[in-house]
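# Fold and geometry: a report
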Amino acid sequence: MQTLVIVAKRDTPQAMALAAEIRERYPNLTVLADRALAHALNWPRIEDRELAARAELVVVLGGDGTLIYAARLLGGRDVPILGVNLGSLGFMTEVPVEELFTRLAEVLAGNFHVDSRMKLSCRLMRGGKVLIEDEILNDVVINKGALARIADHETSIDGVPITTYKADGVILATPTGSTAYSLSAGGPIVHPSVDCTILSPICSHALTQRSIVVPADRTIRVTLKSETADTYLTLDGQTGHSLQTGDCIEVVRSPNRVELVRNPRVAFFTILRQKLHWGER
Ligand SMILES: NC(=O)c1ccc[n+]([C@@H]2O[C@H](COP(=O)([O-])OP(=O)(O)OC[C@H]3O[C@@H](n4cnc5c(N)ncnc54)[C@H](O)[C@@H]3O)[C@@H](O)[C@H]2O)c1
Ligand SMILES: Nc1ncnc2c1ncn2[C@@H]1O[C@H](COP(=O)(O)OP(=O)(O)OP(=O)(O)O)[C@@H](O)[C@H]1O
């Protein structure tokens with residue numbers, strides 16, 4: 001590995017100091033920074049597309065939101081991501097900051113394994129045209145704004161009608177996203193090595209309408225049926241789009257994946273125990 005890209009939580013002095021230290025400790029590597037960090041540290045500013053093309057390892061200094069940002073920056077490239085937690089929960093940024101340099105040395109020596117995480121491809125279609133196409137690590141969320149009115153979400157899997165959820169919204173989550181918003185909506189926790197899509201209504205009016213775990217290769221379509229002026233599509237909590245009646249959101253497993261460097265000392269269930277406070281070790 002010759003080129004390392006650092007993606008840091010914005011405006012975080014600790015992240016800036018660590019980024020500078022990484023560069024100092026590894027003078028033989030090309031150490032690049034995301035645009036905001038490069039600006040803050042006065043390093044060369046490189047376009048996202050070039051960063052993605054040159055990266056051989058990405059070090060994330062931040063929380064889950066920063067890791068999602070880094071995964072989106074990489075687009076379809078499967079470059080290992082080492083997530084170091086400077087955020088609050090750090091579900092995906094597994095490495096504690098004290099272990100940064102030990103883990104980084106191991107990774108640079110080739111001594112590491114990755115957790116290959118499934119992504120979803122999402123398309124927003126309006127009047128037969130594709131308005132938005134994106135790749136998702138956590139979740140696709142359709143939900144409404146301020147007014148407390150129920151919306152109708154006509155839902156099908158591989159063209160077979162499932163139901164019309166009368167609900168505040170619908171979440172389509174990956175196994176990675178199963179511990180995020182989907183969990184708050186009553187969805188199951190899914191081990192990240194299982195490939196599937198979790199379909200969950202948000203506050204459904206019908207009590208039997210619960211989460212459904214769908215094989216990852218099935219195409220799920222949600223069409224907004226009710227007249228509503230205040231409904232949004234949110235992708236990975238990062239981008240928002242206003243929806244109209246008749247809009248159709250389609251998701252299926254993406255051919256691309258996200259490669260997270262695994263902390264050999266921490267299993268998925270250890271993370272659940274620690275971060276969700278399920279018990280002492
Ligand atoms: N009620 C809710 O639980 C709720 C509401 C809106 C969005 N979200 C989630 O926030 C995510 C975006 O995260 P963010 O950090 O950019 O926004 P954020 O800063 O608003 O964070 C939301 C919280 O979700 C945590 N989180 C994010 N991804 C996670 C994952 N895969 N597993 C466990 N926890 C996770 C973050 O650490 C943070 O504590 C969205 O994808 C969505 O799932 C949750
Ligand atoms: N380097 C960056 N450039 C641009 N935007 C970024 C960058 N890093 C993070 N972001 C944006 O800021 C958000 C992260 O901010 P946030 O305060 O939620 O931190 P976090 O990493 O999710 O940590 P926490 O665990 O505290 O939520 C991300 O969702 C992303 O949209």
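These lines cover the structure that appears in this document, whether it is placed above or below. (Residues numbered from 1 in each chain as written. Chains lettered and ligands numbered in written order. Predicted model: local features only at pLDDT ≥ 70, side-chain atom pairs only at ≥ 80, totals over all residues. Heavy atoms only, no water.)

Ligand 1 sits among 15 residues. The nearest are Asp64, Asn138, Asp139, Thr179 and Ser184. Between a nitrogen atom of ligand 1 and a side-chain N or O atom of asparagine 138, the distance comes to 2.9 Å. For ligand 1, whose accessible area on its own is 780 Å², the fraction buried by protein is 64%. Across the shell around ligand 1, the residue classes break down as five nonpolar, seven polar and three charged. Split by domain, the residues of the shell around ligand 1 number at least three in each of domain 1 (3-113 + 262-275) and domain 2 (119-256). (Near = heavy atom within 4 Å. Polar contact = N/O pair within 3.5 Å; in protein donor to acceptor, adjacent residues only side chain to side chain. Areas by Shrake-Rupley, 256 points an atom, 1.4 Å probe, with all protein chains shown as cover. Nonpolar A, V, L, I, M, F, W, Y, C, P; charged D, E, K, R; others polar. Domains from an automatic or database assignment.)

Bringing the pairing of strand β4 (residues 80-85) into the picture now. Taken across its six residues, β4 has six buried, putting it largely inside the fold. Burial along β4 is two-sided: the face carrying Pro80, Leu82 and Val84 and the face carrying Ile81, Gly83 and Asn85 are both buried. As paired elements, strand β3 (residues 57-62) and β4 share five bridges and run parallel to each other. Along β4, the bridge assignment pairs valine 60 with glycine 83. One ladder, built from two bridges, connects β4 with strand β5 (residues 95-96); its direction is parallel. Paired with asparagine 85 across the strands is proline 96, a residue of β5. (Buried < 20%, exposed > 50% of the residue type's maximum accessible area, 1.4 Å probe, protein only. Helix = DSSP H or I, 4+ residues; strand = E, 2+ residues; numbered from the N terminus. Pairing = 2+ DSSP bridges.)

Our focus in this paragraph is the site of ligand 2. Lining the immediate surroundings of ligand 2 are 14 residues, of which Gly63, Gly65, Thr66, Ser88 and Gln238 lie closest. Contact distances for ligand 2 include 2.7 Å between an oxygen atom and a backbone N or O atom of glycine 63. Relative to its free-state accessible area of 620 Å², ligand 2 is covered by the protein chains to the extent of 72%. With four residues, helix α4 (residues 64-74) is the single largest residue contributor to the shell around ligand 2. A breakdown of the residues in the shell around ligand 2 according to their chemical character gives three nonpolar, seven polar and four charged.

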